Amino acid sequence: PHRPRIRVRGGGGGGGSSGGSGGGSVPGWSRKFGKASMLPMDGSKSNDGRSAVIQAENCTMPSLFMWETDASSPFTLSCSLQASCTPFAESAGASIFLGVKSVTPLSCVEISMLSSSKTWRVEQHADGGRTLLKEIKDRNLRNLSYSTVTLHVTSNALSLSSDGKEIFSGLAAPPGALSGPIGVGGINAKCAFRAWRVSAGG
């Protein structure tokens, strides 16, 4: 199917990335921020961009890979997400990015799965700073284990479940914060995702 290109201001990124398709060769994805690499998953039967590994073990700043198909709210995003990191490493894990307006400075909503601290964190990045919207402990998060994540996104709110358990529902976001391109990334961890899917309807 046709994958329309998205345009994001600031192709360069923190940590010296030059943007573009660097950092690996996974169809449908391009690195926009950071130094991590995205590679096809070992043993994957098809390199269609629905599964990949993000090598960000030595990245102390977040990395962001943009999905090159637009998603208009409301929509549902689902995938199996994993992060492998050093136990008790600060803020180590995988992230999903929503409503990416720019990468320099970063402007988006970031949902982090921090397996090191068994925490889900939702932050808004804007104007060179960040605002914590929600932080929830989840003792079911396990290092090296996949979590089946489902995000329901509307124009001004989002809901998250992990392995069928509701993490939060109807979390309000500032007007327009959730509209725009989406992405995935990691920090201080080797991350992986499988069965990436975005479908219309929140």
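Reference entry: report on the structure contained in this document. (Residues numbered from 1 in each chain as written. Predicted model: local features only at pLDDT ≥ 70, side-chain atom pairs only at ≥ 80, totals over all residues. Heavy atoms only, no water.)

### Concerning the side chain of Ser112
Here is step 1 of the chain: Mapped onto the secondary structure, Ser112 falls in strand β7 (residues 106-114).
Here is step 2 of the chain: Note on Ser112: relative accessible area 4%, which makes it buried.
Here is step 3 of the chain: Polar side-chain contacts of Ser112 include one of 3.3 Å to the side chain of Glu110.
Here is step 4 of the chain: Sequence-distant contacts of Ser112, defined by excluding residues within four places in its chain, comprise Ala94, Ser95, Thr119, Trp120 and Arg121. (Helix = DSSP H or I, 4+ residues; strand = E, 2+ residues; numbered from the N terminus. Buried < 20%, exposed > 50% of the residue type's maximum accessible area, 1.4 Å probe, protein only. Polar contact = N/O pair within 3.5 Å; in protein donor to acceptor, adjacent residues only side chain to side chain. Contact = heavy atoms within 4.5 Å.)

### Here we look at the pattern of salt bridges
Here is step 1 of the chain: Here the structure, examined in full by the defined rule, presents 3 salt bridges.
Here is step 2 of the chain: Taking the shortest distance from any N to any O, the salt bridge between Asp138 and Lys165 comes out at 3.6 Å. Pair noted here: Asp138 is in the loop between β9 (129-137) and β10 (147-153) and Lys165 is in strand β12 (residues 165-172), with a separation of 27 residues, a long-range link.
Here is step 3 of the chain: On the accessibility criterion, Asp138 (2% relative accessible area) is buried.
Here is step 4 of the chain: Relative accessible area serves as the criterion here: at 37%, Lys165 is assigned to the partly exposed category. (Salt bridge = Lys/Arg side-chain N within 4 Å of Asp/Glu carboxyl O.)

### Topic: the sheet that holds strand β1 (residues 29-33)
Here is step 1 of the chain: Pairing within the open sheet is antiparallel, and its 7 strands lie in the order β1-β4-β13-β6-β7-β8-β9. The sheet is open, and its two borders are formed by β1 and β9, each paired with just one other strand. Each strand of the sheet is rotated relative to its neighbour by a mean of 25°, with strand direction disregarded.
Here is step 2 of the chain: As defined by bridge partners, β1 adjoins strand β4 (residues 64-67) across 4 bridges and the pair is classed as antiparallel. When the sheet's bridge partners are listed, Ser30 is paired in β4 with Met66. (Pairing = 2+ DSSP bridges. Axes fitted to C-alpha atoms, helices over the stretch in contact; angles between N-to-C directions.)

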